[in-house]
Amino acid sequence: MTNDLTRRWQYCMGVALITVIGSCSLPLHAMPLTINTEEYPPFNYSDDQGQIIGSATRLLRDALRQADIEANFRLLPWARAYTEARLRENHCVYSTTRTLEREALFHWVGPLVVNEWAAFSLAERGLNVDSLSGLNAWRVGSFREDAIGDYVADSGINVLLAPSERENIARLKAGLLDVIVTGKATGEFMAHEQDIALAHLFTFYRAPLYLACHLNVSKALLERLQAQLDALQGESQ
């Protein structure tokens, strides 16, 4: 009887040990992060060789390297990049505006850069608009899941949504839009890139941009990343 009990105890302990080892063999926080982003120059965009570059990208890559965190970067349409980071484990997205509506959906690291929200029109149109309330008479463009467009829409402006920022510029050039609302640096970058003369109508907000990560990503991991990011930004000041 004693031998039977001993064998049963040894068997149970062996099963428990195998279970623990199996569950700990690849901790989730040790897996590479999947970091999504979009074409949003000059902060994050692809160069002629398909490499993801930009001021926010450079800072984030440096912080990840110094924190010894492995990550795979992907360039996607913004709505997909954002949604995957919200719904898929071990995924993150940048450069993301941190809003009250988004706060509880992610863990946040940053800020990476500061984005000035601005309204633009074609220079040749000669529009004289200096506030959000003045946009009611015009066709205003933004893109899906964009915090700037959401903010303007919440102000009571009818906003037409495109799949991407670059398509908005094309719609403006084609006369399908009168005004676009976007980041000031982004609007100026894309206008120069496509040889379009834009008029900066006004700036209406300044928003820090962050890395937003799925809630399953280890807080300890992200605290380590935040510390390296803070150190890098301190060196550049």
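About the criteria used
Residues numbered from 1 in each chain as written. Predicted model: local features only at pLDDT ≥ 70, side-chain atom pairs only at ≥ 80, totals over all residues. Heavy atoms only, no water. Phe/Tyr/Trp six-rings, centres within 6.5 Å; stacked < 30°, edge-to-face > 60°. Helix = DSSP H or I, 4+ residues; strand = E, 2+ residues; numbered from the N terminus. Buried < 20%, exposed > 50% of the residue type's maximum accessible area, 1.4 Å probe, protein only. pLDDT = per-residue confidence, 0-100. Contact = heavy atoms within 4.5 Å. Expected span 1.5 Å × (residues − 1). Arc of directions from axis to C-beta. Salt bridge = Lys/Arg side-chain N within 4 Å of Asp/Glu carboxyl O. Pairing = 2+ DSSP bridges. Right-handed = clockwise from strand over helix to strand, strands pointing away. Axes fitted to C-alpha atoms, helices over the stretch in contact; angles between N-to-C directions. Parallel < 35°, antiparallel > 145°, perpendicular 65-115°, else oblique. Left-handed = near helix turned anticlockwise from the far one by under 90°. Nonpolar A, V, L, I, M, F, W, Y, C, P; charged D, E, K, R; others polar.

Asker: Just checking my understanding: could you explain the packing of aromatic side chains for this structure?
Answerer: Remark: the centre distance and the inter-plane angle together describe each pair of aromatic rings, the angle taken between the planes. The tally for this structure, following the rule as stated, stands at 13 aromatic pairs. Where tryptophan 117 meets phenylalanine 204, the ring centres are 6.2 Å apart and the plane angle is 65 degrees; that geometry is what we call edge-to-face. Note that tryptophan 117 is positioned in strand 6 (residues 107-122) and phenylalanine 204 in strand 10 (residues 198-213), a separation of 87 residues in sequence. The pair tryptophan 117 / phenylalanine 204 is uniform in exposure class, with both members buried. Between tyrosine 151 and phenylalanine 204, the aromatic rings sit 5.9 Å apart at their centres with planes inclined by 20 degrees, giving stacked as the arrangement.

Asker: What's the story with the confidence of the model for the chain in this structure? I'm lost.
Answerer: If pLDDT is low for a region, its predicted coordinates should not be looked at in detail. Summing up the model confidence of the chain, the mean pLDDT is 89 and the portion of residues at 70 or higher is 87%. Within the model, the stretch residues 11-29 combines pLDDT values under 50 with six contacts to residues more than four positions away or in other chains.

Asker: Is there a simple way to think about helix 2 (residues 55-66) in this case?
Answerer: Side chains that are three or four residues apart share a direction in an α-helix, a result of its 3.6 residues per turn. Taking 1.5 Å of rise per residue, the 12 residues of helix 2 would be expected to cover 16 Å, and the 17 Å separating its terminal C-alpha atoms lies within 8% of that figure. Residues of helix 2 that are buried: Ala56, Thr57, Leu59, Leu60, Ala63 and Leu64. Viewed end-on, helix 2 has its buried residues packed into an arc of 165 degrees, placing them on one side of the element. Seen from the open side of helix 2, the exposed residues pointing more than 90 degrees away from its buried face are Arg58 and Arg65. A positive backbone phi angle near 60 degrees is found at aspartate 68, which sits one or two residues after helix 2.

Asker: Quick question: what am I supposed to make of the pattern of salt bridges here?
Answerer: Opposite charge on two side chains permits them to pair, given that their charged atoms come into close proximity. Considering all chains together, one arrives at 12 salt bridges under this definition. We note a salt bridge from glutamate 39 to arginine 166, for which the minimum N-O separation is 2.7 Å. Of the two residues, glutamate 39 is situated in the loop between strand 1 (33-37) and strand 2 (45-46) and arginine 166 in helix 6 (residues 165-173); the sequence distance between them amounts to 127 residues. The class of arginine 166 is partly exposed, set by a relative accessible area of 24%. In this structure, aspartate 62 engages arginine 65 in a salt bridge whose closest nitrogen and oxygen atoms are separated by 2.7 Å. In this pair, aspartate 62 and arginine 65 both sit in helix 2, three residues apart, roughly one turn of the helix.

Asker: Can you help me understand the pairing of strand 7 (residues 140-143) in this one?
Answerer: Moving residue by residue along a regular strand, the side chains alternate between the two faces of the sheet. Side chains Val140 and Ser142 project from strand 7 onto one buried face, and the interleaved Gly141 and Phe143 project onto a second face that is buried too. Of the strand pairs in this sheet, strand 7 and strand 8 (residues 159-162) are connected by four bridges, and their pairing is parallel. Each bridged residue has a counterpart across the sheet, and for glycine 141 the counterpart in strand 8 is leucine 160. Taken together, strand 7, helix 5 (residues 147-154) and strand 8 constitute a β-α-β crossover, and its handedness is right-handed. Here strand 7 runs beside strand 9 (residues 179-183); their pairing, made up of two bridges, is parallel. Bridge pairing in strand 9 links glycine 141 to isoleucine 180.

Asker: I tried to follow the packing of helix 2 against helix 8 (residues 219-236) on my own but got confused; where do I start?
Answerer: The relative placement of two packed helices is expressed as an angle between their axes plus a distance between the axes. Running from N to C, helix 2 and helix 8 point in directions that differ by 120 degrees, and their axes come no closer than 8 Å. With respect to helix 8, the axis of helix 2 lies oblique. Along this stretch, helix 2 crosses helix 8, giving a crossing that reads as right-handed. Counting all contacts with helix 2, which are made through Leu59, Leu60, Asp62, Ala63, Leu64 and Gln66, the residues of helix 8 involved are Leu225, Gln228, Leu229, Leu232 and Gln233. Looking at side-chain class alone, the contact of helix 2 with helix 8 contains seven nonpolar, three polar and one charged residues.

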